[in-house]
Structure formats: C-alpha cells, structure tokens
Amino acid sequence: MKTTTATGLPGAGRRAPGAADGRPAGRRSARIRRQLPTSPWLFAAPGLAVVAVFSLYPFVSTLNNSFTDKRTLIPGEYVGLANFRELLHDDMFWIGLRNSTLYVLVVVPALVLLPLLLAMLVQKHIPGITFFRSAFYTPVVASIVVVGLIWVWMLDERGLVNAVLEAVGVGKVGFLDDQWLLLFSAMAVTVWKGLGYYMIIYLAALANVPRELHEAAAVDGAGAVRRFFSVTVPAVRSTMVLVGALSAVAAFKVFSEVYLMAGPTGGPAGEDTTLVMLVQRTGTGLTGRVGYASAISVVVFAVTVVLMLLVLRADRKEDA
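A. Quick look at the pattern of salt bridges. In the structure shown here, the tally under the stated rule is two salt bridges. With a closest N to O distance of 2.9 Å, Glu 86 and Arg 289 form a salt bridge. Here Glu 86 is found in helix H3 (residues 82-87), whereas its partner Arg 289 is found in the loop between helix H13 (275-283) and helix H14 (290-319), with 203 residues between them in sequence. Here Arg 98 ties to Glu 271 by a salt bridge, and the two come within 3.4 Å at their closest N and O atoms. Of the two residues, Arg 98 sits in helix H4 (residues 91-122) while Glu 271 sits in the loop between helix H12 (256-262) and H13, which places them 173 residues apart along the sequence.

B. Quick look at a nonpolar patch on the surface. A contiguous nonpolar patch, built from Leu 56, Phe 59, Val 60, Leu 63, Phe 301, Val 305, Leu 309 and Leu 312 and spanning about 680 Å² of accessible area, is present on the exposed surface. Those elements giving two or more residues to the nonpolar patch turn out to be helix H2 (39-65) and H14. Examined against the element boundaries, Val 305 turns out to sit in helix H14. Note on Val 305: relative accessible area 33%, which makes it partly exposed.

C. Expanded view of the environment of Met 120. Structurally, Met 120 is set in helix H4. Taking the C-alpha atoms as reference points, Met 120 and Thr 232, separated by 112 residues in sequence, lie 9.4 Å from one another. Those residues within four positions of Met 120 in sequence are excluded, and the remaining contacts are Leu 206, Phe 228 and Thr 232.

D. How the structure looks around the packing of aromatic side chains. For the structure on display, the rule yields eight aromatic pairs. Both rings, one in Phe 93 and one in Trp 94, keep their centres 5.3 Å apart while their planes meet at 70°; by these two values the pair is edge-to-face. The class of Phe 93 is buried, set by a relative accessible area of 5%. Where Phe 255 meets Tyr 259, the ring centres are 5.0 Å apart and the plane angle is 20°; that geometry is what we call stacked. On the basis of relative accessible area, Phe 255 is assigned to the partly exposed category, the value being 23%. Directly above the ring of Tyr 292 sits Arg 289, whose terminal nitrogen or CZ lies 4.5 Å from the centroid.

E. The environment of Ala 142, seen in detail. Positionally, Ala 142 belongs in the loop between helix H5 (129-141) and helix H6 (144-155). The class of Ala 142 is partly exposed, set by a relative accessible area of 27%. Setting aside residues no more than four positions away along its own chain, Ala 142 makes contact with Val 147 and Lys 193.

F. Up close: unusual backbone geometry. For Ala 269, which is not glycine, the phi torsion reads 60° and is therefore positive. Among the secondary structure elements, Ala 269 is positioned in the loop between H12 and H13.

G. Broad picture of the confidence of the model for the protein. With 87% of its residues at a pLDDT of at least 70, the protein reaches an overall mean of 84. The secondary structure element of the protein with the lowest average pLDDT is helix H1 (residues 25-35), at 54, and the one with the highest is H3, at 94. Confidence drops under a pLDDT of 50 for residues 1-9, and excluding neighbours within four residues, the segment shows seven contacts in the predicted structure.

H. Spotlight on the packing of helix H8 (residues 179-206) against helix H11 (residues 237-252). Interhelical geometry of H8 versus H11 gives an angle of 165° and a closest axis separation of 10 Å. Here H8 lies roughly antiparallel to H11, going by the angle between them. For the pair H8 and H11, the crossing hand works out as right-handed. Between H8, through Tyr 198, Ile 201, Tyr 202 and Ala 205, and H11, the contact on the second element is made entirely by Thr 239, Met 240, Val 243, Leu 246 and Ser 247. Among the residues making up the contact of H8 with H11, the classes are represented as seven nonpolar, two polar and no charged.

About the criteria used
Residues numbered from 1 in each chain as written. Predicted model: local features only at pLDDT ≥ 70, side-chain atom pairs only at ≥ 80, totals over all residues. Heavy atoms only, no water. Salt bridge = Lys/Arg side-chain N within 4 Å of Asp/Glu carboxyl O. Helix = DSSP H or I, 4+ residues; strand = E, 2+ residues; numbered from the N terminus. Patch = residues over 30% accessible without salt bridge, like charges linked within 9 Å, V, L, I, M, F, W, Y side chains within 5 Å. Areas by Shrake-Rupley, 256 points an atom, 1.4 Å probe, with all protein chains shown as cover. Buried < 20%, exposed > 50% of the residue type's maximum accessible area, 1.4 Å probe, protein only. Contact = heavy atoms within 4.5 Å. Phe/Tyr/Trp six-rings, centres within 6.5 Å; stacked < 30°, edge-to-face > 60°. Lys NZ or Arg CZ within 6 Å of the ring centre and 35° of its normal. pLDDT = per-residue confidence, 0-100. Axes fitted to C-alpha atoms, helices over the stretch in contact; angles between N-to-C directions. Parallel < 35°, antiparallel > 145°, perpendicular 65-115°, else oblique. Left-handed = near helix turned anticlockwise from the far one by under 90°. Nonpolar A, V, L, I, M, F, W, Y, C, P; charged D, E, K, R; others polar.

Here it is, written out as structure tokens:
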C-alpha cells in the first residue's frame, strides 16, 4: 500500500536525497571537505601536547643547560663548550662510559638470544605450559625496587647464594664487594627481568612462521639446530633487530639495578658507576651542577642515537 500525504500525493512529504538538513548536497559535501584537513590534527592535539610538555620541552631545556654553568639554586651563565671539555678530563665520566658500554656488550646479546630460545620452549602446546609462561613473565611486572632488594639479599655475604656455595664447599663469594662481580651481578638481574618481556615479543613473531618451512627442512634431513639457524632465525630476524635496539638503549641507560645493588656511591670507590648514575649524582642536591649533568645527558642521548643508527644500518646490510 502506498503512503499518501495531506496533499494526497504519494511520497510528497519525503525530502529529496541529500537535502535532509535543508541545504543542497553539493554545499554540505564542500563544507565536509573543508573540515577534513584539520580534523586529524584535532584528534592528535592532546597527544602532541603531552609530547611537547613532557618530552620536547625537557630535551630543549637540557640541551640549553648543557652550555651553561647552571646550579640547582643558581640560574647560571652561558659557558659554551666548557662542560663538554671538562668531560674529557673527568675520570668518573670515563668510568661511567666504560661501565655503560660494557653493559651493552654483555646484556644485549643475552637478551636477543635467550628470550628467543625461551619463546621456542614455551611455544609448545603441552600440559601446564601456561604456568611456565606466567612464571617467566612474572619478573617483568614486578617492581624493579623489589627485584633489586631481593637480589641484594640473595647475593649478600650472608645471603642464600653464599649459603648454598658454602654448603657445597665452594666458600663465600663477595658478589657485592668486588667491582666486577657486582657489575656482572647487576647485568644478570637485568637479563633475568627482561627475559619475559622479550619472550612475549618473540612469541608473536614465531606465531607467524609457517610450519611448512620446518616440515620441509625436516624432510630434507635438517636437525633441530639446523632448522633453528636456517628457518627460525631468518623468519624472526626483523624482530631480533627490534629486540636488539630496545635492549641496547635500555642497557646503556641502566640505573636502577646498579644503583640498588651498588648503592648511591656506585660500588667500591665508585668503580661501578654508570653514566645515568653520574647524571643523578652530579645534578641533584642543593649544590647540584645542573649544567654539567645536562652535558652528560646530551652525551647519553647522542650515544643512544648512534646505537640505533648502527642497528638500523646492520639491518639494511642484511636485507641487501
């Protein structure tokens, strides 16, 4: 049955398509087109404001302070490159640079390879594997302060590890008293805490590796080790590059693990001080040298950028 209006004509009360608001369709579409270029910026404005306030402004401020002799309660004056020249003759700066670089050289290879092996282990669908996945991921969500204190208690002279070593006849080991043992103990804590995080990243990458590749390699007679290097590693190589970049930046900027285990002084005679610890020690307090600490921060930023570029360059060479 047709609908009629007061005029008796069917459909006379319906508006023409595109004229629901009384304006021609062409005029409304032109107005929409004029609004489209600005709409994305309106959505991005809150995020950009947060980045500008909490990232861009502190970076610019730190860069500006690095060329001044500013202190905590003194504005300071422009001194040019004096802070950077002083770095070249600062023994503590070279100690911090040595320890941070050594941290990268030891921690990054471990965090690139071990989480991959762990992900391949927990990838298997066997009873109870969910429990092990949760157990391996637990250190990631644990507070770094709690983790650090637990490891300090375990590695102390009267701690659990030394008690076990003494029970088996090895004797006590000064993990927290020796310069190098303390530094490598902090590295072990960093690796232990990061295993679960990077394991999850590798699990997502391994899920995209076709099983047919492993089956074909097995048919050709390739063993587990051969399949790992010929199938698994090439398939997740881009993920390994990502993990390497993330862990390298985090390792070079390490602070909490060494600070909690070595203390504010940076271990015996300050020999375990890292660059970020040096920034914290130099730039805080009522007499803190903010300008000099800013110069160290700029060096840390420059080195992290170089690390990222080296990783990206190595990735491009592999692609070529």
